[in-house]
Amino acid sequence: MEEIKHKFIEVNGLKLHVAEIGSESSPAVVFLHGFPEIWYSWRYQMIAMAKAGFRAIAFDYRGYGLSEQPTEPEKTTFLDFDNDLLELLDALNIPKAFLVGKDFAAFVISLFVVLHEERVSGFVTMGVPFMLPGASDYGLPEGFYITRWMEPGRAEADFGRFDAKTVVRKIYILFSRSEIPIADENQEILDLVEPGTPLPYWFSEKDLAIYGAKYEKSGFRTALQVPYRAMAEQLNVTARTVQVPAMLIMGEKDYVLKFPGMEDYIRGEELKSLVPKLEIVFMRKGTHFVQEQMPNEVNQLLLSFLLQNKST
């Protein structure tokens, strides 16, 4: 990973940690991470895209990884993340970029495309389709992990029993499964992972140590706010049809597919009406972390999409 360069760029009064590889004159691809991730979750994709002639950029959101914390993490919104992305593009002199995001980054990208479509050459999301953030009644029991983590203090108490590395370990294991994480009434979410459960085969102890060290620094205050607690905020932005090329990559073993209504939304007409140039790819063995689990296959899909649309 030594070929990836790191720097800090100030946007909206905060210094964000930015990783970059590739020529500044090449078409830009900006990668946005999910939770419990940081820029490092795109390590395989960044190197592959740069070798294929693209400028690959990944950054830690405000309050994540090595980026600075906002003064009031509990007031952070999805719009803050989008404003950071917009100002970051300006700071890097990028008039238009491809956006690639995983997990809740799909909300960040969807919102950005709706607000700033002229700055987007195309976008790819993984694990979550194009949709705006918003309150949703999933129709799932009280022990559903999103419901639990939206409750102020509940996740803090759950996470606080462990060091940051152990929290990331447990969540990576949990989110790699095909079942929706739902705890019993008197059980905490992290207790769904028994002590001694091995990491997924594709995620090494070295990888975990890198994630753990970054979350040890940042903590989870901003990460619990966005995405989980910011979901219910009214953004006064409505979904509309976007005309840029797009791709959705879903693992068929991704637990998100089991959210009530999710598969119908992905396979039905509503998503296609909002993103008419969308291509949907299902990966038979893929889980929620396809970009780390199956990097070669994901890289091939990304490169095909980027090369097809780089003149857009």
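The rules behind these values
Residues numbered from 1 in each chain as written. Predicted model: local features only at pLDDT ≥ 70, side-chain atom pairs only at ≥ 80, totals over all residues. Heavy atoms only, no water. Helix = DSSP H or I, 4+ residues; strand = E, 2+ residues; numbered from the N terminus. Rg over C-alpha atoms; globule rule 2.2 N^0.38 Å. Buried < 20%, exposed > 50% of the residue type's maximum accessible area, 1.4 Å probe, protein only. Contact = heavy atoms within 4.5 Å. Areas by Shrake-Rupley, 256 points an atom, 1.4 Å probe, with all protein chains shown as cover. Lys, Arg positive; Asp, Glu negative; His and termini not counted. Charge placed at Lys NZ, Arg CZ, Asp CG, Glu CD. Phe/Tyr/Trp six-rings, centres within 6.5 Å; stacked < 30°, edge-to-face > 60°. Salt bridge = Lys/Arg side-chain N within 4 Å of Asp/Glu carboxyl O. Core = buried A, V, L, I, M, F, W, Y, C linked by side-chain atoms within 4.5 Å. Axes fitted to C-alpha atoms, helices over the stretch in contact; angles between N-to-C directions. Parallel < 35°, antiparallel > 145°, perpendicular 65-115°, else oblique. Left-handed = near helix turned anticlockwise from the far one by under 90°. Nonpolar A, V, L, I, M, F, W, Y, C, P; charged D, E, K, R; others polar.

### Notes on the overall build of the chain
- Scanning the chain from N- to C-terminus turns up 12 helices and eight strands.
- Expected size for 312 residues packed as a compact globule is a radius of gyration near 20 Å; at 18 Å, the chain falls within 12% of this value.
- Seen through its C-alpha atoms, the chain measures out along the principal axes to roughly 55 × 45 × 40 Å.
- Counting every position in the chain, which comprises 312 residues, the buried fraction comes to 59%.
- Summarising the internal contacts of the chain: among those between residues at least 6 apart in sequence, 77% fall at separations of at least 24.
- With the model as given, the accessible surface of the chain reaches about 12,700 Å², and the carbon-plus-sulfur share is 50%.
- Of note, the chain has its 32 positive side-chain charges centred 5 Å away from the centre of its 43 negative side-chain charges.

### Quick word on unusual backbone geometry
- For the peptide bond that leads from F35 to P36, omega is 10 degrees, which places it in the cis range.
- Considering the arrangement of structural elements, one finds P36 in the loop between β3 (28-32) and α1 (43-51).
- Residues V226 and P227 are joined by a peptide bond in cis, for which omega reads 25 degrees.
- Summarising the element assignment, P227 is placed in helix α8 (residues 221-229).
- For N12, which is not glycine, the phi dihedral falls at a positive 50 degrees.
- Summarising the element assignment, N12 is placed in the loop between β1 (5-11) and β2 (14-21).
- Non-glycine residue N93 carries a positive phi angle of around 55 degrees.

### Comments concerning the packing of aromatic side chains
- Here the structure, examined in full by the defined rule, presents 39 aromatic pairs.
- Relative to F81, the ring of Y64 has its centre 6.3 Å away and its plane inclined at 75 degrees; by these criteria the two rings are edge-to-face. Taken together, the residues span a long stretch of sequence, with Y64 in the loop between β4 (55-59) and α2 (78-91) and F81 in helix α2 at a distance of 17 residues.
- What makes Y64 buried here is its relative accessible area of 0%.
- On the accessibility criterion, F81 (1% relative accessible area) is buried.
- Here the aromatic rings of Y172 and Y211 are separated by 5.4 Å at their centres, their planes lie at 65 degrees, and the arrangement is edge-to-face. Of this pair, Y172 sits in helix α6 (residues 164-175) while Y211 is found in helix α7 (residues 205-218), placing the two residues 39 residues apart along the sequence.

### Quick notes on the pattern of salt bridges
- Tallied over the full model, the rule gives 20 salt bridges.
- The salt bridge partner of E156 is R229, with a shortest N-O separation of 2.7 Å. Taken together, the residues E156 in helix α5 (residues 154-159) and R229 in helix α8 connect sequence positions 73 residues apart.
- Among the salt bridges present, the one from R161 reaches D158, with a minimum N-O distance of 2.4 Å.
- On the accessibility criterion, D158 (2% relative accessible area) is buried.

### Overview of the nonpolar core
- Residues F35 and W149 are the most contacted members of the largest nonpolar core, which totals 120 residues.
- The greatest single-element share of this core, amounting to nine residues, is contributed by helix α3 (residues 105-115).
- With residues up to four places along the chain from it excluded, the contact list for W149 reads F35, A155, D158, F159, I171, F175, I189, L224, Y228 and R229.

### Let's talk about the packing of α2 against α3
- The geometry of α2 relative to α3 is characterised by a closest axis approach of 9 Å and an angle of 65 degrees between their N-to-C directions. One element, α2, and the other, α3, form an angle in the roughly perpendicular class. For the pair α2 and α3, the crossing hand works out as right-handed. Of the residues in α3, those in contact with F78, L79, F81, D82, L85, L86 and L89 of α2 are F107, V108, L111, F112 and L115.
- Per-class residue counts for the contact of α2 with α3 are 11 nonpolar, no polar and one charged.

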